[in-house]
Amino acid sequence: MIEDYDVVVAGSGGGGLVGALRAAENGLRVLVLEKADVCGGTTALSGAGLWAPANHLVLNAGQDDDLDKAQVYMDATVGDRTPRSMQQAYLHAARDTIAWLEGKDVRFSFMTGYPDYHPSEPGALLTGRAITPKSIRRRELVHRVQPKLPLGDGGPPIPDVGPDGPIWGGQSLITQLLTACEGAGVTVWTGCAFEGLLTDGGRVVGVRTADGREIAAPAGVLLATGGFEHDVAMRASYQDEVLHHDGWTLGVPGNTGDGIQAGMELGAATDLLEDCWWAPGLLRGDGKPSFLLFERAAPTGIIVDQQGKRWVNEGTPYNTFGHLMLQARDRGVPCIPSWYVLDSRALETYGFGGLRPGADVRPWLEDGTLIAADTVEDLAEKLDAPGLPEQVKRWNGFCEKGVDEELDRGAEGSYERQLLWVFQRYPGIAGPHEWPNPSNAPLTQGPFYAGKVVLSDLGTKGGLVCDEHGRVTRPDGSAIDGLYACGNAMASVFGHSYPGPGACITPAMAFGWLAADDMKAGQ
Ligand SMILES: Cc1cc2nc3c(=O)[nH]c(=O)nc-3n(C[C@H](O)[C@H](O)[C@H](O)COP(=O)(O)OP(=O)(O)OC[C@H]3O[C@@H](n4cnc5c(N)ncnc54)[C@H](O)[C@@H]3O)c2cc1C
């Protein structure tokens with residue numbers, strides 16, 4: 001038995017590293033085990049928007065926010081799906097974690113203009129309460145950080161910016177956290193998987209690794225091993241039948257539910273296993289998805305079912321989109337997969353699914369990511385979607401009137417309308433849009449294109465039920481001594497909802513932080 005550590009953290013995403021850093025700052029000897037050869041998990045692939053209401057950066061940016069207002073918003077979005085005590089623990093810890101991290105030289109800035117995802121709900125902030133890590137220079141990027149995927153990460157291909165070019169988002173966050181962990185004396189073993197928990201009289205006292213080592217963790221074990229998006233057997237046990245594979249997820253391959261299963265073996269309660277952090281995905285010709293994030297709020301393009309009929313407000317926030325897709329399927333709408341239909345002007349002006357505006361579409365036509373036709377009628381025939389011509393005519397009529405009479409896209413105060421500024425900054429768009437409703441532009445300019453939209457996810461969101469200290473609990477509510485979880489290994493504090501940008505990583509960090517304090521308190 002290796003006895004050099006007080007705490008073992010399994011998984012090195014945002015939650016795992018914050019828990020490790022806090023525990024080390026609390027005077028504990030910390031070992032992080034990471035199954036992959038690189039650190040950061042899906043957190044490193046992400047944009048690392050962080051939703052921590054009323055943190056000092058939000059207030060310094062002049063936002064009218066406080067935790068009571070944020071609780072009102074959570075009442076409206078999460079409701080009583082999770083205990084209020086957990087929601088309060090989250091709100092306080094998220095705010096305080098950000099302030100504490102800045103004191104450790106992990107730097108963030110306010111995300112100007114990125115709204116809460118349900119802006120018309122009470123307590124929402126139309127101009128947002130999200131922050132993001134400050135950029136670092138490429139030369140500062142630690143070589144042990146999960147590399148960005150060239151596509152399928154939701155963003156356009158990353159240009160080679162040279163050693164002094166900026167690195168944003170999750171890679172910046174993980175680099176900054178790893179640097180802080182190193183400074184605090186945290187040990188990180190990459191390429192070393194956690195396999196199981198060691199117990200003594202009902203208390204978790206250490207871990208076993210896949211290569212057969214036993215490591216004592218007298219202060220506690222933090223399971224930060226992500227969700228089970230790549231475990232097909234768990235998907236088949238808990239999730240909808242369209243998800244009994246791992247082809248559509250955007251999470252890293254190592255997230256196979258290891259921590260969740262280890263907790264379940266000790267009798268832990270679980271919740272929300274059927275749910276994911278949904279993300280509409282463009283299914284590319286190579287069989288992998290690209291996250292359709294901002295482009296759905298661009299003025300152009302419509303999403304139609306296999307008959308060619310719209311069934312969703314295209315600009316709907318991504319998590320809601322997933323729920324609506326399943327609900328529509330349950331009503332008999334043939335919407336998995338759907339088709340994203342664009343005209344040439346849309347592609348040239350705004351880009352799509354990782355293609356930059358005006359980029360050469362030929363590779364995507366050759367590999368089957370996009371299907372093209374000179375007229376809407378021809379496209380309808382190629383897609384075998386007979387309703388498409390009539391639908392495009394109807395949509396173009398709504399654009400002339402300025403009102404989407406079918407699905408109310410672009411309504412005043414809607415999420416997609418709040419996000420329009422993103423597109424008004426694109427090259428070639430100088431001022432206000434030319435259509436009566438700036439969110440709704442007609443499809444007029446051939447050739448027309450279509451790509452398949454599937455039910456992707458950023459990871460699963462169900463896991464071990466925890467209390468306000470991040471302690472894993474049994475079905476009777478009692479805590480399993482010595483065992484903690486955070487991130488997607490833990491059942492989400494947000495229930496089925498996704499209140500704003502950063503709703504995945506911020507709770508991971510907040511509950512990692514709380515767990516570390518509870519470990520210290522138990523010493
Ligand atoms: C393109 C994209 C953009 C996103 N943007 C955002 C955003 O802006 N804001 C936001 O909040 N969320 C965002 N998300 C979602 C978010 O990144 C994830 O939900 C979140 O990072 C999950 O955190 P985690 O710590 O639970 O898991 P991860 O960050 O995936 O970390 C889990 C780690 O555990 C390791 N692991 C697994 N099993 C073991 C084991 N047995 N032993 C040791 N290690 C193990 C994995 O290899 C992985 O490194 C985005 C996701 C994607 C794909």
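Residues numbered from 1 in each chain as written. Predicted model: local features only at pLDDT ≥ 70, side-chain atom pairs only at ≥ 80, totals over all residues. Heavy atoms only, no water.

## Quick notes on the overall build of the chain
What counts is decided by this rule: The way it works is that DSSP assigns letters per residue, a run of H or I at least four long becomes a helix, a run of E at least two long becomes a strand, and they are numbered from the N terminus. This radius of gyration counts C-alpha atoms alone. The globule rule is 2.2 Å times how many residues there are, raised to the power 0.38. Residues are treated as being in contact if the distance between any of their heavy atoms lies within 4.5 Å. Only the protein chains shown count as cover for residues, and the accessible areas themselves come from Shrake-Rupley with a 1.4 Å probe. Lys and Arg are tallied as positive, Asp and Glu as negative. Neither His nor the chain termini are counted. Charge positions come from single atoms, namely NZ of Lys, CZ of Arg, CG of Asp or CD of Glu.
When its secondary structure is counted, the chain shows 16 helices and 22 strands. For the chain, whose C-alpha radius of gyration is 23 Å, the value lies close to the compact-globule estimate of 24 Å for 523 residues. Overall, the chain is about 70 × 50 × 45 Å in size when its C-alpha atoms are taken along their principal axes. A separation of at least 24 residues holds for 75% of the contacts in the chain among residues at least 6 apart in sequence. Surface summary for the chain: the accessible area is close to 19,200 Å², and the carbon and sulfur share equals 50%. Each charge sign in the chain was given a centre, from 42 positive and 67 negative side chains, and these centres are 3 Å apart.

## Observations regarding the environment of A328
Within the secondary structure, A328 sits in helix α9 (residues 318-330). Sequence separation between A328 and D305 is 23 residues, and the spatial gap between their C-alpha atoms is 9.9 Å. Ignoring anything within four residues of it in the chain, the contact list for A328 reads W311, V333 and C335.

## What about the site of the ligand?
To keep it simple, the criterion reads: Whether a residue is near a molecule or strand depends on its heavy atoms: it is near if one of them lies within 4 Å of it. Here a polar contact means two N or O atoms within 3.5 Å. Within protein one must be a hydrogen donor candidate and the other an acceptor candidate, and residues neighboring in sequence count only if both atoms are side-chain atoms.
Residues in close proximity to the ligand total 33 residues, the closest being E34, T42, T43, D258 and N488. G41 places a main-chain nitrogen or oxygen 3.3 Å from an oxygen atom of the ligand. In this structure, F194 approaches the ligand through a main-chain N or O atom, which is 2.9 Å from a nitrogen atom. Alone, the ligand offers 1,000 Å² of accessible surface; in the complex the protein occludes 97% of this.

## Focus on unusual backbone geometry
Here is the rule: Here's how the labels work: a residue is buried when its accessible area is under 20% of the maximum for its type, exposed when over 50%, partly exposed in between, all with a 1.4 Å probe on protein chains only.
Here the residue pair I336 and P337 is connected by a cis peptide bond, since its omega of 0 degrees sits within 30 degrees of zero. For P337, the location among the structural elements is in the loop between α9 and β17 (338-342). Backbone torsion omega between G446 and P447 reads -5 degrees, so that peptide bond is classified as cis. Topologically, P447 is positioned in the loop between α15 (421-424) and β19 (448-460). Even without glycine at this site, D105 takes up a positive phi of about 70 degrees. Structurally, D105 can be placed in the loop between α5 (84-103) and β4 (108-110). A residue is classified by how much of its surface remains accessible, and D105, at 55% relative accessible area, is exposed.

## Things to note about empty space enclosed by the protein
Note the following rule: Two kinds of site are reported from a 1 Å grid over the protein atoms alone, namely cavities, where a 1.4 Å probe fits but cannot get out, and pockets, open sets with protein on both sides within 12 Å along at least five of seven lines, and residues are called lining when an atom falls within 4 Å of a point. Grid points are joined across faces, edges and corners, and a volume is the space filled by probe spheres set on the points. Gly counts as polar in this scheme, as do all residues outside two lists: the nonpolar Ala, Val, Leu, Ile, Met, Phe, Trp, Tyr, Cys and Pro, and the charged Asp, Glu, Lys and Arg.
Overall, the coordinates contain two cavities of 30 Å³ or more when judged by the stated rule. Its volume calculated, the largest cavity comes out at about 80 Å³. Residue composition of the lining of the largest cavity, grouped by class: eight nonpolar, three polar and no charged. Its volume calculated, the second largest cavity comes out at about 30 Å³. Lining of the second largest cavity is provided by E295, A298, T300, L342, A346, Y350, G351 and F352. Split by residue class, the lining of the second largest cavity holds five nonpolar, two polar and one charged.

## Remarks on the pairing of strand β10 (residues 203-209)
For a regular strand, side-chain orientation follows a simple rule: the groups alternate between the two sheet faces. Stated precisely, the cut-off is as follows: Any two strands are treated as partners once DSSP identifies two or more bridges connecting them.
Summarising the sheet, strand β9 (residues 194-200) and β10 pair through six bridges and their orientation is antiparallel. Across the sheet, D200 pairs through a bridge with R203, a residue of β10. Pairing between β10 and strand β11 (residues 214-216): three bridges, direction antiparallel. Bridge pairing in β11 places V207 opposite I215. In this antiparallel pair of consecutive strands, β10 and β11, the connection spans four residues, and G212 shows a positive phi of 90 degrees.

## So, the sheet that holds strand β12 (residues 220-223)
What counts is decided by this rule: To obtain each axis, a line is fitted to C-alpha atoms, and for helices this fit is confined to the stretch in contact; angles are then taken between N-to-C directions over 0 to 180 degrees.
Taken in spatial order, the six strands of this open sheet run β8-β2-β1-β12-β22-β21, and their pairing is mixed. At either end of the open sheet lies a strand with only one pairing partner, and these are β8 (187-190) and β21 (471-473). Direction aside, the axes of adjacent strands within the sheet are offset by 30 degrees on average. Against the sheet, helix α1 (residues 14-25) touches β1 (7-10), β2 (30-34) and β12, its axis set at about 165 degrees to β2.

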